[in-house]
Amino acid sequence: MTTASAPDATLPSRDEALALMHEYTASESLRAHMLSVEAAMRAYAVRFGEDPERWGLTGLIHDFDYERFPNDAHSATQEHPAEGVRILRGRGYPEDVLQAILGHATYCGVARETQMAKTLFAVDELTGLITASALVRPSKSVLDLDGRSVRKKMKDKGFARGVSREDVIQGASELGVDLDEHIQFVIEAIRPVA
């Protein structure tokens, strides 16, 4: 476990990051995804004794450029997330946040060296799978969802095809957490923002 980093005066406020996310992202589902990733990142920061503001901000802003620069070709240097990182760097975002954002897209080839980067990768695809699993329930809510239901849906290759099961599994492994515990932890983390 690493120790919490000192507050960084250059870290933009959550309000600034949220405004940037809203400026670049019109899709309510993509906005909801980023809010879910933010919640999961904050929860893991607390669990690991790290800075929830820094980690939450990283989760909140990680896909802000996706709608404008979708990167269907999976270019490591063009479009999402490379274009977003260029924009964030120009706005003074800290390098560890930028490296974590680059590392969440495996096609960028950026090693996930920090706990924050590993966590962003571990929660990103999983939040999508959790949301999709909740939306097919009668309640359409994560409030009554449990990890077993998500695992069952995860085995169905036809369900939520855009979610990489390999990334979900690899993310838990890189984070050093049991997959079932990881799924349940993230479900509980995102319930307050559901």
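Quick caveat: nothing in here was measured; it's all calculated off a predicted structure. Residue positions within a chain follow its written sequence, with the count starting from 1. For this predicted model, a pLDDT threshold of at least 70 governs which residues receive local features, and a threshold of 80 or more governs which side-chain atom pairs are given and counted, while totals over whole chains, interfaces and linings are taken from all residues. By convention in this description, side-chain values take in all heavy atoms of the structure and omit both hydrogens and water.

Novice: Can you tell me about the packing of helix 2 (residues 28–48) against helix 9 (residues 179–190), naming the residues and giving the values?
Specialist: Viewed as axis vectors pointing N to C, helix 2 and helix 9 meet at an angle of 115°, and their least axial separation amounts to 8 Å. Taken together, the axis directions place helix 2 and helix 9 in an arrangement best described as roughly perpendicular. At the point where helix 2 passes helix 9, the crossing takes the right-handed sense. Contact with helix 2, carried on its side by Ser36, Ala39, Ala40, Ala43, Tyr44 and Arg47, involves His182, Phe185, Val186, Ala189 and Ile190 of helix 9 and no other residues of that element. The residue inventory of the contact of helix 2 with helix 9, partitioned by class, reads eight nonpolar, two polar and one charged. What counts as an axis is a line fitted to C-alpha atoms, over the stretch in contact for a helix, and the angles between N-to-C directions run from 0 to 180 degrees. Strands here mean DSSP runs of E at least two residues long; helices mean DSSP runs of H or I at least four residues long; both are numbered from the N terminus. Any angle from 65 to 115 degrees is called roughly perpendicular, while one under 35 is roughly parallel, one over 145 is roughly antiparallel, and all others are oblique. The hand of a helix crossing depends on one turn: near helix anticlockwise from the far one by less than a right angle means left-handed, and clockwise means right-handed. Throughout, a contact is declared for two residues whenever any of their heavy atoms are within 4.5 Å. Asp, Glu, Lys and Arg are counted as charged, while Ala, Val, Leu, Ile, Met, Phe, Trp, Tyr, Cys and Pro are counted as nonpolar; the rest, among them Gly, fall into the polar class.

Novice: Could you give an account of helix 1 (residues 14–24), with specific residues and numbers?
Specialist: Partly exposed residues are those whose accessible area sits between 20% and 50% of the maximum for their type, while under 20% is buried and over 50% is exposed, using a 1.4 Å probe and protein chains only. If you check which residues of helix 1 are buried, you get Ala17, Leu20, Met21 and Tyr24. Buried positions in helix 1, seen along its axis, are confined to an arc of 100° and lie on one side of it. In this fold, the buried residues of helix 1 make contact with helix 2, helix 3 (52–61) and helix 4 (82–90). It is the directions from the helix axis to the C-beta atoms that the arc portrays.

Novice: Any details on the packing of helix 5 (residues 95–103) against helix 6 (residues 115–135)? Residues and values, ideally.
Specialist: Contact geometry for helix 5 and helix 6: axes closest at 8 Å, N-to-C directions at 35°. Along this stretch, helix 5 crosses helix 6, giving a crossing that reads as right-handed. Here Asp96, Val97, Ala100, Ile101 and Gly103 of helix 5 come into contact with helix 6, specifically with Met116, Ala117, Leu120 and Phe121.

Novice: Outline the packing of aromatic side chains, listing residues and values.
Specialist: Only Phe, Tyr and Trp rings are paired, with Trp represented by its six-membered ring, and only when their centres lie within 6.5 Å; those with planes under 30 degrees apart are stacked, over 60 edge-to-face, the remainder tilted. Summed over the entire model, instances satisfying the criterion amount to four aromatic pairs. Taking the centre distance of 5.3 Å and the plane angle of 15° together, the rings of Tyr44 and Phe48 count as stacked. Linking Tyr44 with Phe48, this pair stays in helix 2, spanning four residues, or about one helical turn. Taking 4.2 Å as the distance between ring centres and 40° as the angle between the ring planes, the aromatic pair formed by Tyr44 and Phe185 counts as tilted.

Novice: Lay out the pattern of salt bridges with the relevant residues and their values.
Specialist: Salt bridges are defined by distance alone: a side-chain nitrogen of Lys or Arg within 4 Å of a carboxyl oxygen of Asp or Glu. Applying the stated criterion to the full structure yields eleven salt bridges. In this structure, Arg14 engages Glu38 in a salt bridge whose closest nitrogen and oxygen atoms are separated by 2.6 Å. Here Arg14, found in helix 1, pairs with Glu38, found in helix 2; they are 24 residues apart in sequence, far enough to count as distant. Overall, Arg14 belongs to the partly exposed group, its relative accessible area being 30%. Each of Arg14, Glu38, Arg42 and Glu53 takes part in a single network of salt bridges with overlapping partners.

Any functional reading would require information that these geometric values do not contain.
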